[in-house]
Amino acid sequence: MTGEPGTTSARPTAVCQRCGTPNDTVRGGHPWCGACGIYLIHDPEHGDWVSFAERDHRRRAADNQRRIAASADQVHRAMSAVHGRMPDGWHAVARQHISGALHTLDVEPAPAGVDAIAYLIPPTSGCRGWQVRVHNRTHRIDFPLYRDGGAQAASFDTACDALDAAIPALRVEIASTAHR
């Protein structure tokens, strides 16, 4: 092979992306880079020959980028639906708290002397529905909402359903913090 999958020759040649060395050694049916000591596999998305680990890393990174983009899209689409349901003085803000993290729809209650917030987390490839985390920053307590009778975090079909669960949870957290 001369770097193109599907072509055949008596001895395949692949140029290792890592060290730039042309390789025509085959071990176990896969091109082998003797300089790096790795098996090579063609990465069709980038058009180069890399180790199995590098290809898997690239695929996970690409999947993560798709999840981040999907979360941003879902949060921004949900903004208009939740704005009309917010209690007076409360507001929702779309955020990505850390670069490379999923986007969330943050529910911030009216100032009440307690620094508490709820994060509405959109469904991504690993989740079936919206999830809610309540964070009492005054007491440094953070927890997900759970369904009755289970040890799994609750999931909600829509952002509005998640908001309807987040509002009373925040109200309880604010009221209970005032009495601590």
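Definitions and cut-offs
Residues numbered from 1 in each chain as written. Predicted model: local features only at pLDDT ≥ 70, side-chain atom pairs only at ≥ 80, totals over all residues. Heavy atoms only, no water. Buried < 20%, exposed > 50% of the residue type's maximum accessible area, 1.4 Å probe, protein only. Helix = DSSP H or I, 4+ residues; strand = E, 2+ residues; numbered from the N terminus. Pairing = 2+ DSSP bridges. Salt bridge = Lys/Arg side-chain N within 4 Å of Asp/Glu carboxyl O. Expected span 1.5 Å × (residues − 1). Bend = angle between axes of the 7 residues up to and from the residue. Core = buried A, V, L, I, M, F, W, Y, C linked by side-chain atoms within 4.5 Å. Contact = heavy atoms within 4.5 Å. Axes fitted to C-alpha atoms, helices over the stretch in contact; angles between N-to-C directions.

### Observations concerning the pairing of strand E9 (residues 104-108)
Counted residue by residue, E9 has five buried out of five residues, so it is predominantly covered. On E9, burial covers both faces: Thr-104, Asp-106 and Glu-108 on one face and Leu-105 and Val-107 on the other are all buried. Across five bridges, the pairing between strand E8 (residues 91-95) and E9 is antiparallel. Pairing of His-91 across the sheet is with Glu-108, part of E9. Sheet analysis places E9 next to strand E10 (residues 116-121), joined by three bridges and oriented antiparallel. Within E10, the residue paired with Asp-106 across the bridge is Tyr-119.

### What to know about the pattern of salt bridges
Scanning the entire structure with this criterion turns up ten salt bridges. The salt bridge involving Arg-58 is made with Asp-48; its shortest N-O contact spans 2.9 Å. One end of the pair, Arg-58, is in helix H1 (residues 52-83); the other, Asp-48, is in strand E7 (residues 48-50), with ten residues separating them in the sequence. Each member of the pair, Arg-58 as well as Asp-48, carries the same accessibility label: buried. In this structure, Arg-58 engages Glu-54 in a salt bridge whose closest nitrogen and oxygen atoms are separated by 3.0 Å. With Arg-58 and Glu-54 both in helix H1 and four residues apart, this pair spans about one turn of that helix. Using a relative accessible area of 15% as the deciding quantity, one classes Arg-58 as buried.

### Side note on H1
The α-helix winds at 3.6 residues per turn, so residues separated by three or four positions along the chain end up facing the same way. Its 32 residues give H1 an end-to-end C-alpha distance of 47 Å, which sits within 8% of 46 Å, the value for a rise of 1.5 Å per residue. Along H1, the sharpest kink reaches roughly 25°, centred on Arg-77. Restricting attention to buried positions, one finds in H1 the residues Arg-55, Arg-58, Ala-62, Ile-68, Ser-71, Ala-72, Gln-74, Val-75, Ala-78, Met-79 and Val-82.

### A word on the nonpolar core
Counting 29 residues, the largest nonpolar core has Leu-105, Val-107, Leu-120, Trp-130 and Val-132 as its most contacted members. Counting residues per element, the ones that place at least two in this core are H1, E9, E10, strand E11 (131-136) and helix H2 (159-178). Setting aside chain neighbours within four positions, we find Val-107 in contact with Met-86, Trp-90, His-91, Ile-117, Ala-118, Leu-120, Leu-163 and Leu-170. Ala-14, Cys-33, Ile-38 and Leu-40 belong to the second-largest nonpolar core, a separate cluster that totals six residues.

### Remarks on the sheet that holds E11
Overall, antiparallel pairing links the five strands, which are arranged E8-E9-E10-E11-E12 in an open sheet. Pairing within the sheet leaves two strands with one partner each, and these edge strands are E8 and strand E12 (141-144). When strand polarity is set aside, the average angle formed by the axes of neighbouring strands in this sheet is 20°. Here E11 pairs with E12 via four bridges, running antiparallel.

### Digging into unusual backbone geometry
At Arg-140, a position not held by glycine, the phi torsion is positive, near 55°. Residue position: Arg-140 is located in the loop between E11 and E12.

Read these as geometric descriptors, not functional statements.
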